[in-house]
Amino acid sequence: MEISTLATYHCLAFVWYFFVAYSITHVRTEERPSEVFLYGGQWKYLTVLNLVLQAVFYGVSFLADVLRLIKKLRCAKCIISSRDLLFSVLAFPVSTFVSISFWTLYTYDRELVYPKSLDGIIPLWLNHAMHTAVLPFAVLEILATPHRYPAKKKGLILLGFVAFLYISWVLWIYSVTGEWVYPLFALFSPAGLAAFFAGSLAIVISFYNFGEFLNRMIWGDSIVILDYRRKGK
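A brief report on the enclosed structure follows. This one's a predicted model, so the numbers in the text were calculated from it and none came from an experiment.

## Focus on the packing of aromatic side chains
Right, on to step 1. Applying the stated criterion across every chain, the model contains 25 aromatic pairs.
Right, on to step 2. Between Tyr 149 and Tyr 208, the ring centres sit 5.7 Å apart and the planes meet at 70 degrees, which makes this aromatic pair edge-to-face. Separated by 59 residues along the polypeptide, Tyr 149 in the loop between α5 (134-144) and α6 (152-177) and Tyr 208 in helix α7 (residues 190-219) bring together distant segments of the chain.

Shown next as structure tokens:
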């Protein structure tokens, strides 16, 4: 894909995610049901955190494209490295996990993850923007441009660390409020909950590996290499 086309796509994706994140974080207080959006606000939900993550990723991607267009290649190389690390370790696996896990649990029993009381507050389009569109966006990014994945050990350590931070945040909220972020968690014993978190991490890791596989299958072993010498100079 041409850099100008890629820049346009990344700019539009950034604007889209910024708009969606803005929309969900500005749900009017008086419209919120009592069981959601209390301690921690929307920032306790992985879905909302993922929207912010995607906005940051596409913002970084757009910046990298602009730097390449204006021939600031040394700066672009640094930004591209950050972009690739962000995409491989977080943006792709988290988006995939959010979409697939949400709709799986929603189909089984929506009250476990998305109470019916939210239907009158969060419009249908916003629900799909948060839980459906994130997956095709992630796949399209792999199709649009190659990404350099980090060493496996480094990538999994970073992914595991971020997962640990989020689980710690969930447990902290429960210790303060006595309420789980998701009603699903109340169904488990402590040992069962630990097993559930471990299983979820294993699934996220499998999505990380799947993203790496797709990237290699589509782009081979090619990596983004910036040519600092302008041809024809």
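That covers the picture; the talk isn't over yet.
## A few points about a nonpolar patch on the surface
Right, on to step 1. Taken together, the side chains of Val 139, Leu 140, Leu 143, Phe 210, Phe 213, Met 217 and Ile 218 make up a nonpolar region of the molecular surface, amounting to roughly 630 Å² of accessible area.
Right, on to step 2. Put simply, the parts of the chain that give the nonpolar patch at least two residues each are α5 and α7.
Right, on to step 3. The leading source of residues in the nonpolar patch is α7, at 4 residues.
Right, on to step 4. Considering the arrangement of structural elements, one finds Leu 143 in helix α5.

## Considering the side chain of His 10
Right, on to step 1. Turning to its location among the elements, His 10 is positioned in helix α1 (residues 3-25).
Right, on to step 2. Side-chain polar atoms of His 10 contact the side chain of Asp 65, separated by 2.5 Å.
Right, on to step 3. If we ignore the near neighbours within four places in the chain, the residues touching His 10 are Tyr 58, Ser 61, Phe 62, Asp 65 and Glu 141.

## Things to note about the packing of helix α3 (residues 73-109) against α5
Right, on to step 1. Running from N to C, α3 and α5 cross one another at 145 degrees; their axes reach a closest spacing of 8 Å. Classified by chirality, the crossing of α5 by α3 is left-handed. On α5, the residues that touch Phe 87, Phe 92, Ser 95, Thr 96, Ser 99 and Ile 100 of α3 are Val 134, Leu 135, Ala 138, Val 139, Glu 141 and Ile 142.
Right, on to step 2. Here the contact of α3 with α5 is composed, by residue class, of 8 nonpolar, 3 polar and 1 charged.

Scoring rules and cut-offs
- Residues numbered from 1 in each chain as written.
- Predicted model: local features only at pLDDT ≥ 70, side-chain atom pairs only at ≥ 80, totals over all residues.
- Heavy atoms only, no water.
- Phe/Tyr/Trp six-rings, centres within 6.5 Å; stacked < 30°, edge-to-face > 60°.
- Helix = DSSP H or I, 4+ residues; strand = E, 2+ residues; numbered from the N terminus.
- Patch = residues over 30% accessible without salt bridge, like charges linked within 9 Å, V, L, I, M, F, W, Y side chains within 5 Å.
- Areas by Shrake-Rupley, 256 points an atom, 1.4 Å probe, with all protein chains shown as cover.
- Salt bridge = Lys/Arg side-chain N within 4 Å of Asp/Glu carboxyl O.
- Polar contact = N/O pair within 3.5 Å; in protein donor to acceptor, adjacent residues only side chain to side chain.
- Contact = heavy atoms within 4.5 Å.
- Axes fitted to C-alpha atoms, helices over the stretch in contact; angles between N-to-C directions.
- Left-handed = near helix turned anticlockwise from the far one by under 90°.
- Nonpolar A, V, L, I, M, F, W, Y, C, P; charged D, E, K, R; others polar.

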